[in-house]
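Below, each chain spelled out in residue letters.
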Amino acid sequence: YTPYQPEISQGRLEALLNYQTMVADLTGLDIANASLLDEGTAAAEAMSMSLSVWEADKEGVTPKFLVASTCHPQTIAVVTARAEALGVAAEVVAPESMSFGEGVFGVLLQYPDTRGVVHDYSALCAKAHEAKAIVTVATDLLALVLLKSPGAIGADIAV
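Note that the coordinates shown come from a computational prediction; the quantities given were computed from them, not determined experimentally.

(A) Geometry of the overall build of the protein. From N to C terminus, the protein includes five helices and five strands. Across the protein, helices and strands are ordered from the amino to the carboxyl terminus as α-α-β-α-β-β-α-β-α-β. Against the compact-globule benchmark of 15 Å for 159 residues, the protein has a radius of gyration of 17 Å, which places it among compact chains. Projecting the C-alpha coordinates of the protein onto the three principal axes gives extents of approximately 55 × 35 × 25 Å. Relative to its 159 residues, the protein shows a buried fraction of 38%. Relative to all contacts within the protein whose residues are 6 or more apart in sequence, the contacts with residues 24 or more apart total 72%. Between the mean site of the 8 positive side-chain charges and the mean site of the 19 negative ones, the protein shows a separation of 4 Å.

(B) View of the pairing of strand S2 (residues 89–93). As paired strands, strand S1 (residues 64–68) and S2 are joined by five bridges and run parallel to one another. Residue pairing for S2: Phe-65 is matched across the bridge by Ala-90.

(C) Focus on the pattern of salt bridges. According to the stated counting rule, one finds one salt bridge in the structure shown. Among the salt bridges present, the one from Arg-82 reaches Glu-45, with a minimum N-O distance of 2.7 Å. Residue Arg-82 is located in helix H3 (residues 73–86), and its partner Glu-45 is located in helix H2 (residues 39–52); the two are separated by 37 residues in the primary sequence. Residue Arg-82 is classed as partly exposed on the basis of its relative accessible area of 27%.

Thresholds, definitions, all that
- Residues numbered from 1 in each chain as written.
- Predicted model: local features only at pLDDT ≥ 70, side-chain atom pairs only at ≥ 80, totals over all residues.
- Heavy atoms only, no water.
- Helix = DSSP H or I, 4+ residues; strand = E, 2+ residues; numbered from the N terminus.
- Rg over C-alpha atoms; globule rule 2.2 N^0.38 Å.
- Buried < 20%, exposed > 50% of the residue type's maximum accessible area, 1.4 Å probe, protein only.
- Contact = heavy atoms within 4.5 Å.
- Lys, Arg positive; Asp, Glu negative; His and termini not counted.
- Charge placed at Lys NZ, Arg CZ, Asp CG, Glu CD.
- Pairing = 2+ DSSP bridges.
- Salt bridge = Lys/Arg side-chain N within 4 Å of Asp/Glu carboxyl O.

Take a look at the structure:
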C-alpha cells in the first residue's frame, strides 16, 4: 500500500480523529490538534499564538510571557529561545510569585510540574484572565485520566 490509497488515507484520518477526540476530552477544551510537535515546541507555538491575539495598546510596551519555573527545563529553554526571536520578554518565575502587570499577554504552567507535584492553578488562571492574559498549560495526557482537566482549572490552551 502507498499512503495515497483510500484505505490507508481513511485509516489515518480515522486514527487522527479518534486521537483528537480523546485529547479534547482529557484536556476539557473544545478543540484539539493532532500535531507531531514535542512539548517545548508546542509551548512556544502556544506563546506565539497568544501573542498574536494580544489585545493591548502595544505602542511602547514590551510584550511579556510568564513561564513557571516548575516547567520542564527543556520546555523553558525552547520557549525562552523562541521568545527572544519574537522580541518577547520571557520571565521564568515561580507560579506563586506571578504578577500580571503591563505587557503580560500570557503564561505557561506545567501540570503536573516537572517534579510530579500537582498544583491547583484555578486561582492563578482566574488572576491571569482578569489581566486578559492567555493561560497555556503543558500537561501529561496520561495524568489527565486522574486529574482535573486543564479546561476545568481555567486554561485556554493545553500542550
